[in-house]
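Summary of the model geometry
One letter stands for each residue in the lines below.
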Amino acid sequence: MKIEAHLTVKKTKEHRSVIKIANNIECGGDALFIAAGPCAVETLSQMESVVKALPLGIIQALRGSVYKPRTSPYSFQGLAEEGFNILAQIKKISHLPIVTEVMSCQQVANAAIYADILQIGSRNMQNFELLKTVGQSNKPILLKRGLSATIEEFILAAEYIISHGNPNVILCERGIRSYDTYTRNVLDLGAVVALRQLTHLPVIVDPSHAAGKRELVPDLARAAIACGADGLIIECHPKPELSVSDARQALSLEDMLTLINSLDSIAKAVGRRLTNQLTANVPNALSIYSEPNCLKV
Ligand code: PEP
Ligand code: MN
């Protein structure tokens, strides 16, 4: 296949971009980049519970959106500005980089004040004006694959962002539409391997939106790391069944911790590691909250 792309394309087999997210936090290096958190920001106490339970040296970003692209206009649309205040407070106590979605060009400048990574959701992968706008941002962009986007379309969407000035693009495979509705989408791990062969960009996997069912998420996450993904973004919630959005796929915080613990040996088997020492030394909520978590790695 001849793809009309050049900025995203690998120049040599070894060519890989490592994207700096924050002090000592990178995506695309030997250490896996793991982002976790709820689908949507709901309350401060919800976000506090998440950062209190998770191993902040291993988790390298906190996800939580305040603008939600919902299929129905009657579903919860996100807390907007109020959500940003919560994200600002949670960042103060956890020191974790924040990943949050932008849905329109008008939201980008304000979101960039609070976020460390701007997410372009699947439904906006080909919103070309939005791609051009985040191309002018200095924040790393997490670009999710469109619901029915081909690999070529996905790469060209990344090419839009880079050609408008922002080289810091992380690709995210999150499942594509198919005829089978048992899972919400079909996780295309073939695309992960192909994208890592074709491009120098980091490729992470979102098993939550791919599966749509929490009981499928841990095995898919492990499979993603085994096939070379540079990281994961996973939805979890203190009370998964009460999530205001995507409740069926949210992991409990306990299950999230178990999943993280299980990734270490898989990471090592494919020449990666779960975190780097420097990241583990970043001051985090573990030094604020006295309760130790039960991380085994
Ligand atoms: C999300 O991350 O919550 C989301 C809406 O994802 P996607 O755009 O992949 O559906
Ligand atoms: Mn979601």
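Right above here is the structure, for reference.
Described in the following lines is the structure provided in the data block. (Residues numbered from 1 in each chain as written. Chains lettered and ligands numbered in written order. Predicted model: local features only at pLDDT ≥ 70, side-chain atom pairs only at ≥ 80, totals over all residues. Heavy atoms only, no water.)

Quick word on the site of ligand 1
So the rule is basically this: Proximity is defined per residue: if any heavy atom of the residue lies within 4 Å of a molecule or strand, that residue is considered near it. A 3.5 Å cut-off defines polar contacts: any pair of N or O atoms within that distance qualifies, except that in protein one atom must be a possible hydrogen donor and the other a possible acceptor, and neighbouring residues in sequence count only when both atoms are side-chain atoms. Only the protein chains shown count as covering a residue, and every accessible area follows the Shrake-Rupley method with a 1.4 Å probe. The way it works is a 1 Å grid over only the protein atoms, where trapped points that fit a 1.4 Å probe form a cavity and open points with protein on both sides within 12 Å along at least five of seven lines form a pocket, and then any residue with an atom within 4 Å of a point lines it. More than half of a molecule's atoms lying within 2 Å of a cavity's or pocket's grid points is what places that molecule inside it.
Around ligand 1 sit C39, R63, K68, E101, Q119, G121, S122, R123, K144, R174, H209 and E235, and that is every residue in its neighbourhood. Contact distances for ligand 1 include 2.9 Å between an oxygen atom and a side-chain N or O atom of R63. Here an oxygen atom of ligand 1 and a side-chain polar atom of K68 are 2.9 Å apart. Protein chains shield 98% of the accessible area of ligand 1, which is 300 Å² for the free molecule. The cavity that encloses ligand 1 is the largest pocket.

Topic: the nonpolar core
Here is the rule we go by: Throughout, nonpolar core names a set of buried Ala, Val, Leu, Ile, Met, Phe, Trp, Tyr and Cys residues whose side chains join them through atoms within 4.5 Å. Each residue's exposure class comes from its accessible area (1.4 Å probe, protein chains only) as a fraction of the maximum for that residue type: buried when under 20%, exposed when over 50%, partly exposed otherwise. We call two residues in contact when some of their heavy atoms are within 4.5 Å.
Ranked by size, the top nonpolar core spans 73 residues in total, and within it V134, L143, L171 and M256 carry the most contacts. Sequence-distant contacts of M256, that is, excluding residues within four places in its chain, are made with A36, L54, I59, I234, C236 and L251. Within the second largest apolar cluster, 14 residues are counted, among which are I19, F33, L142 and I170.

Brief notes about the layout of surface pockets
Stated formally: Grid points are joined across faces, edges and corners, and a volume is the space filled by probe spheres set on the points. Residues are sorted three ways: Asp, Glu, Lys and Arg are charged, Ala, Val, Leu, Ile, Met, Phe, Trp, Tyr, Cys and Pro are nonpolar, and all the rest, Gly among them, are polar.
The volume enclosed by the largest pocket comes to roughly 240 Å³. As for the largest pocket, its lining consists of 19 residues, of which P69, R123, R184, H209 and D246 are closest to the centre. In terms of residue class, the lining of the largest pocket is built from two nonpolar, eight polar and nine charged.

With respect to the coordination of the manganese ion (ligand 2)
Quick note on the threshold: Atoms of type N, O and S within 2.8 Å of a metal are treated as its donors, and for Na, K and Ca the window is 3.2 Å; water is not considered, so some sites may appear to be missing partners. Under the scheme used here, helices are H or I runs from DSSP no shorter than 4 residues and strands are E runs no shorter than 2 residues, and both carry numbers assigned from the N terminus.
Around the manganese ion (ligand 2), the protein supplies C39 (SG), H209 (NE2), E235 (OE) and D246 (OD) as donor atoms, at distances of 2.0 to 2.4 Å. Spacing between the donor residues of the manganese ion (ligand 2) along their common chain follows C-x169-H-x25-E-x10-D. On the criterion of sequence distance, the pair formed by C39 in the loop between β3 (33-37) and α1 (44-53) and D246 in the loop between β10 (231-235) and α9 (253-269) is long-range, its members being 207 residues apart. Accessibility expressed as a relative area gives 6% for C39, which makes it buried.

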